[in-house]
Amino acid sequence: MKQTTSLSHKLAQAACAAVLWLSAVVPAAAGPGRIVSVGGALTEIVYALDGAEHLVGVDSTSLMPATAQALPQVGYMRTLSAEGVLSLRPDLLLASAHAGPPAVLEQLRAAGVRIETLAEDYSAAGIAAKIGAIAGLLDKPEQGRELAGQVQADFDRLAQWRAQSREQPKVLFLMAAAHGAPLASGRGTAADAVLALAGARNAAGELQGNKPIGTEAMIAAAPDVILLTDVVANAIGGLEAFYRQPGIAQTPAGRQRKVFVVDTLALLGFGLHSGQAVLELAKRLHDEPAVAADAGAGR
Amino acid sequence: MTVHAVMATAGPRLRLKPALSRAGLCWLLALLLVIAALAALGSGAVVISAGQAVAIVADRLGIALPWPFGADQQAVLLAIRAPRLVLGLLVGGALAASGAAMQGLFRNPLADPALIGVSSGAALAAAAVIVLRDSLFGAVAGAFGAYLLPVAAIVGGFAVSWLVYRLADSGERLDVASLLLSGIAINALAGSATGLLVYLADDDQLRSLTFWSLGSLNGAGWDGVAIGAPFLLASLLLLPWLADALNALLLGEAEAGHLGFPVERIKTGVVALVALGVGAAVALSGVIGFIGLVVPHLLRLALGPDHRGLLPASALLGALLLICADYLARTLAAPAEIPIGIVTGLLGSPFFLWLLFRQKLMGH
């Protein structure tokens, strides 16, 4: 009995010492300090690396994980306000390359906030680079390597699967279709990168960026599959309503009723879950669910 | 004197007795403006007490006051809030004074500074910079840095309003009706050219364009104030100087000429000063609606149509409204921010409708 009390006493002492040591050392040990994260993929990576306790603010694109939405909101990434961000007393602004406006970033830099801008690159390497940079800032290189490894594994599985699939379906990705001309994703868009990764051809490949596409052009493009974002599908009033839109029935996708609704956030965000999301999409596009995918995924 | 005698019977609304004397209203507006400016300086997402704000300013003047403040508070007040306030005062004042002058020149209460093409020209130049930055402005962009957009917008605004002016100017005289028509045509042309750029833009550029067109004082610094202040101040200070001439123009151009006013030079001067003020305002803060249209209207109800009161009072009320709107834009969603054009539109449009219906009810 006596031994146990002394043991528990010692443990308590050790715990106290540890707490004191931590409270003395953790803030002093530079570390990342208080972080404002601007960019959905970046915020998600901070959470995945257990860095959430450093976060004091996020932007409106930081929707994942759901707990991030409880943090103070600095607004949309392109219209940051210098004073708003400063009021959160951040040491570090983790910024997507899309963050702005430039004048505000300049003001924040002048006010002594460290700004780390991370490039937006629609590829597995781009995601790995973001993870590596954030892991470095959080001083968690091990966890970073592990997380990057998981993401890479998803993309490797995708690559294996792609190597096995023979045909390349022609896919049209529509970012908008409810009001006026449908907006098709051409070259240089995240959707274009996703289609290439999924082993599909972009039916709007001759367009640059997201551009309105006419009904006739849509028929001429002859997509085997049409992808709609969840937002667009809702705005139209469901897939049935979309099939009734002029011109859709004249495309192979419309005839074979191959219009799919995709989760834009997971698919186009190029964050942690993109590899899985693209693989799922690839399976659907190639219309051969389990077999090839399982063969590729076997490990 | 004759001018005012005629004006007293010139229109149904003019029969109303001014509710306040001209000087009284101007003093009241100036007082409110000072209070609002101090309140704007002392409030925002970062907490700075009134004492601290005073101490920070005094510290700059070399006086130590017993209110301690942090370096970050000092930076926010001096580098972010103060230039933003100054820009808001200048932009709001210039927009409203320009609106009053345009309504005088066109003898139409619906005239807006945008009529002479300065806003659409600035918007076109801004869109060109945002969309073509890398391909066309690569070399220039480096030299101008973050100021490429405001400088280009000022130049674009001036260029388009100069074009509108040249089209309406026959060489001997500036026909105000032609000015209106060429303004409409060139505005449509500039709008289409901007639309073409929007079509060419990628998603990122598109979002930047959208937010620019909603207007904002966000990101204003002393450098921006330094670029715009000469133009804005020229417009603010010289337009009230043309008040007598604008009063005379209300009677008609021939009549104003008989009264001894150099009519052609005055029309040119008004167009030039409006282009200066509104061009710089749009360049530095994007498109901020309704200040130029609603403020002079409101004051015409209170003061009557005499430009000697209308122009300075418009400048004061425009500045007051814009810094109040900016205060709301900064604080309603803090630490995020709402574009100020949304706030002025939301406040301005219902008020404008109320004004219209009130006129209708009064049997106009």
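Our structure's up above, just so we're on the same page.
Not measured: the values here are computed from a predicted model. Residue numbers here run from 1 along each chain, matching the order of that chain's written sequence. Labels are handed out in written order, letters beginning with A for the chains and numbers beginning with 1 for the ligands. Whole-chain, interface and lining totals are the exception, using all residues; otherwise, since this is a predicted model, local features are given only for residues with pLDDT of at least 70 and side-chain atom pairs are given and counted only at 80 or more. In computing side-chain properties, one takes all heavy atoms of the structure into account and sets aside hydrogens as well as water.

Outline the overall build of chain B, listing residues and values.
By the criteria applied, helices consist of DSSP H or I runs no shorter than four residues and strands consist of E runs no shorter than two, each listed in order from the N terminus. A count of helices and strands for chain B gives 16 helices and zero strands. In terms of overall size, chain B behaves like a compact globule, its C-alpha atoms giving a radius of gyration of 21 Å where 364 residues would be expected to give roughly 21 Å. Looking at chain B as a whole, 51% of its 364 residues are labelled buried. Surface summary for chain B: the accessible area is close to 16200 Å², and the carbon and sulfur share equals 71%. Only C-alpha atoms enter the radius of gyration, while the globule expectation follows 2.2 Å times N to the 0.38, with N the number of residues. Categorising residues by exposure relies on relative accessible area from a 1.4 Å probe, with only protein chains included: less than 20% of the type maximum marks a residue as buried, more than 50% marks it as exposed, and the intermediate range marks it as partly exposed. Computed by Shrake-Rupley with a 1.4 Å probe, the accessible areas treat only the displayed protein chains as cover when residues are assessed.

Which residues make up helix H14 (residues 291-303) of chain B, and what values do they have?
All names here are of chain B. Residue count minus one, scaled by 1.5 Å, sets the expected span of a helix. When the terminal C-alpha atoms of H14 are compared, their 18 Å separation across 13 residues agrees well with the 18 Å that a helix rising 1.5 Å per residue should span. Burial analysis of H14 places 12 of its 13 residues in the buried class, the great majority of the element. Directly beyond the C-terminal end of H14, a positive phi value near 85 degrees is found at Gly304.

Talk me through the sheet that holds strand S3 (residues 92-96) of chain A; I want residue IDs and the actual numbers.
Residue and element names in this part refer to chain A. In this scheme, strands are said to pair when DSSP sees at least two bridges between them. Within the open sheet, the four strands sit side by side as S2-S1-S3-S4. Their pairing is parallel. Edge positions in the open sheet fall to strand S2 (55-58) and strand S4 (114-118), since each of these has one partner strand only. Each neighbouring strand pair of the sheet contributes to a mean axis angle of 20 degrees, computed without reference to strand direction. Pairing of strand S1 (residues 35-38) with S3, which is carried by four bridges, proceeds in the parallel orientation. Directly across from Val36, in S3, lies its bridge partner Leu93. Throughout, a residue-residue contact means that at least one pair of heavy atoms, one from each residue, lies within 4.5 Å. Under this scheme, a helix contributes an axis fitted over its contacting stretch, all axes are lines through C-alpha atoms, and angles between N-to-C directions fall in the 0 to 180 degree range. Its contacts with the sheet place helix H5 (residues 124-137) against S3 and S4, and it is angled at close to 160 degrees to S4.

An account of the side chain of His286(A) is needed here, citing residue identities and associated values.
Residues and elements named next belong to chain A. Mapped onto the elements of the fold, His286 is located in the loop between helix H13 (274-285) and helix H14 (290-297). Separated by 2.9 Å, the side chain of His286 and the backbone oxygen of Ala282 make a polar contact. Sequence-distant contacts of His286, that is, excluding residues within four places in its chain, are made with Trp161, Ser165, Glu167, Pro169, Ala198 and Gly199. By the criterion applied in these results, polar contacts are pairs of N or O atoms within 3.5 Å in which, for protein atoms, one can donate a hydrogen and the other can accept it, and in which residues neighboring in sequence qualify only through two side-chain atoms.

How would you explain the nonpolar core if you had to name every residue and give the values?
Leu93(A), Leu108(A) and Leu179(B) are the most contacted members of the largest nonpolar core, which totals 125 residues. Counting residues per element, this core draws most heavily on helix H4 (residues 71-105) of chain B, at 17 residues. With sequence-adjacent residues up to four places away left out, Leu108(A) is seen in contact with Ala82(A), Val85(A), Leu86(A), Leu93(A), Val113(A) and Ile115(A). Membership of the second largest hydrophobic core comes to 50 residues, among which are Ala68(A), Ala135(A), Ala190(A) and Leu267(A). Nonpolar core, defined: a set of buried Ala, Val, Leu, Ile, Met, Phe, Trp, Tyr and Cys residues in which side-chain atoms within 4.5 Å join the residues together.

Can you lay out the packing of aromatic side chains for me, pointing to particular residues and giving the numbers?
Any pair of aromatic rings gets described here by the distance separating the centres and the angle formed by the planes. Aromatic rings from Phe, Tyr and Trp, with only the six-membered ring used for Trp, were paired whenever their centres fell within 6.5 Å, and each pair was classed as stacked if the ring planes differed by under 30 degrees, edge-to-face if by over 60, and tilted otherwise. Counted according to the given criterion, the structure contains three aromatic pairs over all chains. Considering the side-chain rings of Tyr76(A) and Phe211(B), the 5.6 Å spacing of their centres and the 35 degrees angle between planes classify their relative orientation as tilted. Residue Tyr76(A) is located in the loop between S2 and helix H3 (82-86), and its partner Phe211(B) is located in helix H9 (residues 203-214); the two belong to separate chains. Taking the centre distance of 5.6 Å and the plane angle of 70 degrees together, the rings of Phe158(B) and Phe231(B) count as edge-to-face. Taken as a pair, Phe158(B) in helix H7 (residues 148-168) and Phe231(B) in helix H10 (residues 222-238) lie far apart in primary sequence, 73 residues in all. The class for Phe158(B) is partly exposed, based on a relative accessible area of 24%. Judged by its relative accessible area of 26%, Phe231(B) is partly exposed. By definition, being over a ring means that NZ of Lys or CZ of Arg is both within 6 Å of the ring centre and within 35 degrees of the ring normal. Cation over ring: Lys211(A) sits above Tyr199(B), and NZ or CZ is 5.3 Å from the ring centre. One Lys or Arg, Arg284(A), reaches over the ring of Phe260(A) and ends 4.5 Å from the middle of that ring.

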